[in-house]
Amino acid sequence: PNTVQFGWVEPGGQRLVQMKIRNEGNRGLEVTSLDLTDLATVVGLTAAPSVPFTLEPGDSVSFGAIFAPEVELPMSAEPMALLRIRSTDVARDPFEVPFFGAAGVPSIVVVPEDAVDFAYVAETFTAERSVTVINVGHAPVALTDAQLVEQTTPEFTLVKGDLPVTLAPGEATD
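Definitions and limits used
Residues numbered from 1 in each chain as written. Predicted model: local features only at pLDDT ≥ 70, side-chain atom pairs only at ≥ 80, totals over all residues. Heavy atoms only, no water. Helix = DSSP H or I, 4+ residues; strand = E, 2+ residues; numbered from the N terminus. Buried < 20%, exposed > 50% of the residue type's maximum accessible area, 1.4 Å probe, protein only. Contact = heavy atoms within 4.5 Å. Pairing = 2+ DSSP bridges. 1 Å grid on protein atoms, 1.4 Å probe; cavity = no way out; pocket = protein on both sides within 12 Å on 5 of 7 lines; lining within 4 Å. Points joined across faces, edges and corners; volume = space filled by probe spheres on them. Nonpolar A, V, L, I, M, F, W, Y, C, P; charged D, E, K, R; others polar.

Chemist: Sorry, what's going on with the environment of A127 here?
Modeler: Here A127 is to be found in the loop between β9 (108-111) and β10 (132-135). A relative accessible area of 32% means that A127 is categorised as partly exposed. Between the C-alpha atoms of A127 and D174, which are 47 residues apart in sequence, the distance is 16 Å. With residues near it in sequence (within four places) discarded, A127 still touches F118 and V121.

Given below as structure tokens:
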């Protein structure tokens with residue numbers, strides 16, 4: 001791939017992405033180095049071929065890139081690592097592959113957090129209140145269902161809105 005996107009991974013977890021170098025030219029391609037610059041020290045290569053090696057036209061070699069964060073790592077527009085492939089390809093030497101990813105866990109806050117206050121509502125009248133769910137974590141969170149817990153009287157109903165919904169970090173829904 002031209003870019004590796006690991007997405008969100010929980011700290012202590014890992015994600016493997018398969019990579020392939022393919023010779024699309026019409027003569028042998030010598031790969032002289034595979035250099036990984038890992039800015040966050042959380043990315044590695046697995047089963048990478050020994051360099052130098054030569055790929056004949058149409059040949060390819062596969063290996064893996066693994067993202068294994070131990071602590072939270074925020075999403076950034078800057079790559080967290082860069083694979084620099086040096087070869088005899090005069091048009092693209094070096095060929096650079098940026099790696100993106102983030103580490104974190106989802107966490108939500110519900111506002112109001114403990115009870116929804118309807119104050120006094122006269123008989124035969126109705127009142128409506130909103131509950132807001134905010135993703136305060138560092139990873140997307142999927143809200144799939146909502147329900148009333150320990151309902152004291154049958155007069156209360158829950159309107160579930162747009163569920164299921166996925167909230168990115170910092171996003172909220174009512």
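Chemist: Even after reading the chapter, I still don't get the pairing of strand β8 (residues 95-103), so can you show me in this structure?
Modeler: Two faces make up the sheet, and in a regular strand the side chains alternate between them. In terms of burial, β8 is a largely internal element, 7 of the 9 residues being buried. Pairing analysis gives 5 bridges linking strand β7 (residues 81-87) to β8, with the strands arranged antiparallel. Bridge pairing in β8 links I85 to F95.

Chemist: What exactly am I supposed to notice about the layout of surface pockets here?
Modeler: Where empty space is left can be seen by rolling a probe of water-molecule size over the atoms. In this structure, the largest pocket encloses a volume near 1500 Å³. V116, V131, L148, T157 and L158 are the residues nearest the centre of the largest pocket, which is lined by 42 residues in total. Counted by class, the lining of the largest pocket contains 22 nonpolar, 9 polar and 11 charged residues. The space that makes up the second largest pocket amounts to roughly 540 Å³. Around the second largest pocket sit 22 residues that line it, and R22, N23, L29, D89 and R92 are the ones nearest its centre. For the lining of the second largest pocket, the elements supplying multiple residues, two or more each, are β2 (15-22), β7 and β8. The dominant element in the lining of the second largest pocket, judged by the number of residues it contributes, is β2, at 4 residues.

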